[in-house]
Amino acid sequence: DGGITQSPKYLFRKEGQNVTLSCEQNLNHDAMYWYRQDPGQGLRLIYYSQIVNDFQKGDIAEGYSVSREKKESFPLTVTSAQKNPTAFYLCASSLNRGLTAGELFFGEGSRLTVL
Amino acid sequence: GQQVMQIPQYQHVQEGEDFTTYCNSSTTLSNIQWYKQRPGGHPVFLIQLVKSGEVKKQKRLTFQFGEAKKNSSLHITATQTTDVGTYFCAGPGGNKLVFGAGTILRVKS
């Protein structure tokens, strides 16, 4: 079955540590996205990538980094510079790019807690 | 930048009552999408509307796209407990989707 796999589902980290969240898709989608969701709030875009080896900052990119070395993979690193990293992180992909991106397919999310 | 406003933020209804959430954009949209996120889950695509004045139905759910393509609504008839969750609208902004803040629906049985 095709889909998006995020890991880990739950992650605890100490302050000052970097952590990398994995996102893999086997849908052959061009575009991939990382969103952050805080309790009772909507989805805020962190980074997105429309093609391999290229990515753009979203609305809240500070303290995060990404890479897109392969079409199917878009890992997100939450760095120690991110002041309030405890949140639910969602990875998504879409078949097309840009304004006609079409529906987003989401992974099940990674819940990060900073102790 | 483009903003998508969604109201109400929260609604608690008795099972069997109707529910509506509204979405308004600061700019004209080429299309609008709706997603549902169950508690503890991830957003799942429901539908995309493209044409001015378009109305689409999915069983008890009715989706509308405004004539000016700047607003949209989702109406649920006779809510059931399975309808609980957060409903998001999203419209294209630049090269990405811009999501509304969502409407949290709770259904009391």
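Structure: see above.
What counts and how
- Along each chain, the written sequence defines residue order, and numbers are assigned to residues from 1.
- Working convention: letters from A go to chains and numbers from 1 go to ligands, in the order in which they are written.
- Local features in this predicted model are restricted to residues whose pLDDT is 70 or higher, and side-chain atom pairs enter the listing and the counts only when it is 80 or higher, whereas totals over whole chains, interfaces and linings include all residues.
- Heavy atoms from the whole structure form the basis of all side-chain values; hydrogens and water molecules are not counted.
- Relative accessibility decides the category of a residue: with a 1.4 Å probe and only protein chains considered, values under 20% of the type maximum give buried, values over 50% give exposed, and everything between is partly exposed.
- Every helix listed is a DSSP run of H or I at least four residues long, and every strand listed is a run of E at least two residues long, numbered separately from the N terminus.
- Any two strands with at least two DSSP-identified bridges between them are counted as paired.
- By convention in this document, the label disulfide applies to cysteine sulfur atom pairs within 2.5 Å.
- All axes here are fitted lines through C-alpha atoms, helices being fitted over the stretch that makes contact, and every angle between N-to-C directions spans 0 to 180 degrees.
- Nonpolar core, defined: a set of buried Ala, Val, Leu, Ile, Met, Phe, Trp, Tyr and Cys residues in which side-chain atoms within 4.5 Å join the residues together.
- A contact between two residues is defined here by any heavy atoms of the two lying within 4.5 Å.

It is worth spelling out the pairing of strand E11 (residues 110–114) of chain A at this point. Within a regular strand, side chains alternate between the sheet's two faces. Residue and element names in this part refer to chain A. The side-chain alternation of E11 yields one buried face, formed by Ser110, Leu112 and Val114, and one unburied face, formed by Arg111 and Thr113. Direction of pairing for strand E9 (residues 87–94) relative to E11: antiparallel, over a ladder of three bridges. Directly across from Tyr89, in E11, lies its bridge partner Ser110.

Working definition of a disulfide: a covalent bond connecting the sulfur atoms of two cysteines. Residue and element names in this part refer to chain A. Enumeration over the complete set of coordinates arrives at two disulfides over all chains. The residue that forms a disulfide with Cys23 is Cys91, at a sulfur-sulfur distance of 1.9 Å. Its S-S torsion of about -75 degrees marks the bond between Cys23 and Cys91 as left-handed, since a negative value means left-handed. Of this pair, Cys23 sits in strand E3 (residues 19–25) while Cys91 sits in strand E9, and the two are 68 residues apart along the sequence. The exposure class assigned to Cys23 is buried, which follows from its relative accessible area of 0%. For Cys91, a relative accessible area of 0% corresponds to the buried category.

All names here are of chain B. The strand order E1-E3-E8-E7-E6 describes an open sheet built from five strands, whose pairing is antiparallel. A single partner strand is all that each edge strand has here, and the edge strands are strand E1 (4–7) and strand E6 (55–58). Strand after strand, the sheet turns through a mean of 15 degrees between neighbouring axes, direction not considered. The pairing of E6 with strand E7 (residues 61–65) spans four bridges and is classified as antiparallel. Directly across from Lys56, in E7, lies its bridge partner Phe63.

If you look at the biggest cluster of nonpolar residues, it comprises 21 residues, and the most contacted ones within it are Ile32(B), Trp34(B) and Phe63(B). Listed by contribution, the elements that provide at least two residues to this core are strand E3 (19–25), strand E4 (32–37), strand E5 (43–49), E7, strand E8 (71–76), strand E9 (85–93) and strand E11 (103–108) of chain B. Here Phe63(B) is in contact with Trp34(B), Leu46(B), Ile47(B), Leu49(B), Glu54(B), Val55(B), Lys56(B), Gln58(B), Ser73(B) and Leu74(B), once residues within four sequence places are set aside. Among the nonpolar cores identified, the runner-up in size contains 20 residues, and Val19(A), Tyr47(A), Ala61(A) and Tyr64(A) belong to it.

For the rest of this paragraph, the subject is the pairing of E3(B). Residues and elements named next belong to chain B. For E3, the buried fraction is high: five of the seven residues fall into the buried class. The pairing of E1 with E3 spans four bridges and is classified as antiparallel. Bridge pairing in E3 links Ile7 to Tyr22.

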